Structures are given as structure tokens and as C-alpha cells.
Amino acid sequence: MEDNKLQELAPTTLAPLSGNGGRDSIHVFAPATVANVVCGFDVLGFAVDEPGDEVIMRLTGKPGITLSKITGDDGRLPLDPAKNTVSVSVQHYLQSVGRTDIGLDIELHKKMPIGSGLGSSSASTVAGLFAIKTLLGDDADPIKLLPFAMKGEEMACGHGHADNVAPALFGGFVLIRSYEPLDVVRLPHPKNLWCAIVFPDVDVPTREARQIIRKNIQMKDAVTQWGNIAGLVSGLFMQDIDLIGRSMKDVLVEPVRSMLIPDFYKMREMAMELGAVSFGISGSGPSVFAFTKDEATARAITQKLQQHLTGLKIGSNSYVSTINDAGPKVLG
Ligand code: HSE
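Within an unreviewed UniProt entry, the label attached to the protein chain reads Homoserine kinase, and the organism entered is Mucilaginibacter gossypiicola. Word for word, the UniProt comment on the protein chain under Pathway (unreviewed entry) is "Amino-acid biosynthesis; L-threonine biosynthesis; L-threonine from L-aspartate: step 4/5." Note on the protein chain: under the UniProt heading Catalytic activity (unreviewed entry), the record states "L-homoserine + ATP = O-phospho-L-homoserine + ADP + H(+)".

K.L.:
An account of the packing of helix α4 (residues 120–135) against helix α5 (residues 146–157) is requested, with residue identities and associated values reported.
P.N.:
Across the interface, α4 lies against α5 with an axial gap of 9 Å and an inter-helix angle of 145°. When the axes of α4 and α5 are compared, the crossing they make is right-handed. For the pair α4 and α5, the contacting residues are S121, S122, T125, V126 and L129 in the first and F148, A149, G152, E153 and A156 in the second.

K.L.:
Before we move on, could you go through the sheet that holds strand β8 (residues 278–281) and cite the residues and values that matter?
P.N.:
Read across the open sheet, the four strands follow the order β8-β9-β7-β10; overall the sheet is antiparallel. Because the sheet does not close on itself, it has two edges, and the strands there are β8 and β10 (316–322). The sheet shows a mean angle of 15° between the axes of neighbouring strands, taken without regard to direction. For strand β7 (residues 194–200) and strand β9 (residues 288–292), the ladder comprises five bridges, and the chain directions are antiparallel. From the neighbouring strand, W194 faces β9, where its bridge partner is T292. Set on the sheet, helix α11 (residues 264–273) makes contact with β8 and β9; between it and β8 the angle comes to about 155°. Of the strands in this sheet, β7, β8, β9 and β10 are in contact with helix α12 (residues 295–311), which crosses β7 at around 10°.

K.L.:
Quick one: what's the story with the pattern of salt bridges, residue by residue and with numbers?
P.N.:
Under the criterion given, the structure shown has 15 salt bridges. Residue D80 pairs with K83 through a salt bridge whose shortest N-O separation is 3.9 Å. Note that D221 and K220 form a salt bridge whose closest N and O atoms lie 3.8 Å from each other. With relative accessibility at 63%, the residue K220 sits in the exposed group. Beyond isolated ion pairs, a larger network of salt bridges with shared partners links R186, K191 and D325.

K.L.:
Pulling in residues and values, what's your account of α11?
P.N.:
Considered for burial, the residues of α11 that qualify are F264, M267, M270 and A271. Taken around the axis of α11, the buried residues stretch over an arc of 125°, which confines them to a single face. Against α10 (254–257), β8, β9 and α12 lie the buried residues of α11. Taken from the residues just after α11, G275 is the one with a positive phi, measuring 105°.

K.L.:
If you had to explain empty space enclosed by the protein to someone new, which residues and values would you point to?
P.N.:
This structure, assessed with the given rule, holds one cavity of 30 Å³ or more. Size it by volume and the largest cavity reaches roughly 80 Å³. Taken together, N36, V38, F41, D250, V253, E254, R257, G280, I281 and G283 make up the lining of the largest cavity. When contributions to the lining of the largest cavity are tallied by element, the ones reaching two or more residues are α10 and β8. Formed jointly, the lining of the largest cavity draws a minimum of three residues from each of two domains, domain 1 (3–187) and domain 2 (194–322).

K.L.:
How would you sum up the UniProt feature "domain: GHMP kinase N-terminal" (unreviewed entry) in the protein chain? Please name residues and give values.
P.N.:
The positions that UniProt labels "domain: GHMP kinase N-terminal" (unreviewed entry) are, in the present scheme, residues 89–172. In the segment residues 89–172, helix accounts for 50% and strand for 8%; the C-alpha atoms at its two ends are 22 Å apart.

K.L.:
Which residues make up the packing of aromatic side chains, and what values go with them?
P.N.:
Applying the stated criterion across every chain yields a total of seven aromatic pairs. When the ring of Y93 is compared with that of F148, the centres are 5.8 Å apart and the planes differ by 85°; the resulting orientation is edge-to-face. Of this pair, Y93 sits in helix α3 (residues 85–96) while F148 sits in helix α5, and the two are 55 residues apart along the sequence. Like F148, Y93 is buried. Here the aromatic rings of F289 and F291 are separated by 5.5 Å at their centres, their planes lie at 85°, and the arrangement is edge-to-face. Of the two residues, F289 and F291, both sit in the buried class. Each residue in the set F46, F173, F289 and F291 is aromatic and connected to the rest through ring pairs, giving one cluster. The aromatic ring of F29 is capped on one face by K329, whose charged end is 5.0 Å from the ring centroid.

Cut-offs and rules
Residues numbered from 1 in each chain as written. Predicted model: local features only at pLDDT ≥ 70, side-chain atom pairs only at ≥ 80, totals over all residues. Heavy atoms only, no water. UniProt positions renumbered as here; feature names shortened; annotations may be inferred. Axes fitted to C-alpha atoms, helices over the stretch in contact; angles between N-to-C directions. Helix = DSSP H or I, 4+ residues; strand = E, 2+ residues; numbered from the N terminus. Left-handed = near helix turned anticlockwise from the far one by under 90°. Contact = heavy atoms within 4.5 Å. Pairing = 2+ DSSP bridges. Salt bridge = Lys/Arg side-chain N within 4 Å of Asp/Glu carboxyl O. Buried < 20%, exposed > 50% of the residue type's maximum accessible area, 1.4 Å probe, protein only. Arc of directions from axis to C-beta. 1 Å grid on protein atoms, 1.4 Å probe; cavity = no way out; pocket = protein on both sides within 12 Å on 5 of 7 lines; lining within 4 Å. Points joined across faces, edges and corners; volume = space filled by probe spheres on them. Domains from an automatic or database assignment. Phe/Tyr/Trp six-rings, centres within 6.5 Å; stacked < 30°, edge-to-face > 60°. Lys NZ or Arg CZ within 6 Å of the ring centre and 35° of its normal.

Below is the structure:
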């Protein structure tokens, strides 16, 4: 995305620094997300309750951004503010609103695995952008933050897709109807839809998982795919969980990316046998997720899949939640 587009979409007015009760520091949480939702490559995503990342941001009084601390990353993320997606996105926002006079220190606390397919970089970036917006008392629509968050994605994996950052920012289930121009739609969803996530501890960088995808597709496959996307969106509107389940099939991306995930098809078989509504890759993987109609089924699935991965000598983490409609939240 061009910088001039960011300018066009950026807020034009800013409340004074002393807005929001004269706050000079803030602690924000932003949620993990499941992008693609099986059939909607780059256009569908939803937020979950856990995991998520946290940012603590303080005004310093000295122009410029520093990153004083990153925890939970095993030393993998850069503390150089010119190279970290959180500080770079925040810097773009400050430039766009004409507030480069501001001094900020950022602490990033990673509470989820990097390279997991759960929107790890998105959660960090969105937490940072939501923190600066709130700190400055900027009451512009959160949609204005989306291009800056996409800039962070571009930096993290070479492509500025929005299917992680948009649900992290708005919460809920989100459709990216169009990228040029940006057109984002929040979708309804059944309240009793549970999500079971299992992260097998193998590294699948999004940049590489994008490179292996086929560049050209057959019309026959395109027809299958858009039928499924339309079916999934209809099922969400109609609260029809069975329609949601039978629409969550991917003939374009999953056949290639599943090769990067240990025993993907075996895990799907186990999840479906235990009563999953659907099963697929979360984002670019290696995390996998299942929708279920209740919490007990979601927990049974995570337990079974983790046992299976342990048998393969692969460590794993799991998370169970409903769809998170709140998005980022201020913790303090
Ligand atoms: N839609 C993106 C992809 C999400 O599948 O590459 C990355 O998490």
C-alpha cells in the first residue's frame, strides 16, 4: 500500500494530548485471530479470546520512539524501533496525524507463539496502534487504523493482507470485501460457535507459506471455492451451523499448505469424529482450528490432538474460546 493512501485514510483531527483524562501511559491487550477461515484466503478472519499480545506505552516527553522491552519472544524480535512492526506502524500513524513531536516508550509482551498462524504480529501491531490512539484521545473510527496495521503486516511477511489485523482491531468475524479500495464488513455469527485451536510447535513462516501457493487456479476450483465462501457467509447470517460446517472446504490453498503441518489430515479425521463442525488451518499455519457447537467438544478435540502430537514427539499449545467480539481492550 502506498504511503499517500495512508494519508488519505488517516484521521485529520486529533484531540489534545491531555485528552482521555490526562493519561500518560496505557496497557493494551489485542487478540489472536484465525485468518482465512478455511475457504476465504485473505478475505475472512475472526478474533478469539485467547491468546493475545500486550503493549505498555508511556509518553516520555522526548520526541521519538523507543522500545525498552520485549518479553515472550525468545529474543527473536528486534528492539530497533526502525525494524519492529509495532513501532514502525505507530510511527506511520504519528506522521500521518502530524504528531512526530511526541516521545513514546513501548514495551511489548508476547503472550502467544511467533509464526503460529494465529496473527501474532497483527496482535502486537494492533495493540500498539490502539494504545497510541487511546493515549492521544483520538476518537476517530478504528477503521482509520487499518492501513497502518496492514503496513505492519507487509513488514512482517512481505504482504499487507488485512484478514488478521481487521478482526484484531474490530473484534468479531470480518470480511475484507475489497482491498482496492479497502472495504471491510463485520459479519454476524452464531453465539454458540466455539473454536478449538491447537498449535503444533513447528515453524511455518507466513512469508514462505505464501510463496508455495499456486499462482493460477482452474475455473472449476474457483467455482467450488466461491460457492463455499458464499455458503459460509450465508451460514453466519442465517445462524446455520451445519451450513457453516459444510461450506468450510478449501480446494485452493489447504492442499498445498497442509503438507507443512504434521498429520494434518489425521488430525482432521480425529476432530470430525469427536463432533467438530469443521476443521482447517488457521491463517498460514501451523495452527489448526475446529469449530464446535459447545465448549466440551472443543476441549475434547484439543486434548485428543495434543495427545496425538505428543505421540509424534511434537510439543503443542491449545486454546478454546468463543468468537471475541470486543477486539482490543485497555488493561490499565
Ligand atoms: N491470509 C494470510 C495467509 C493470513 O493465509 O497467508 C496469514 O496469517
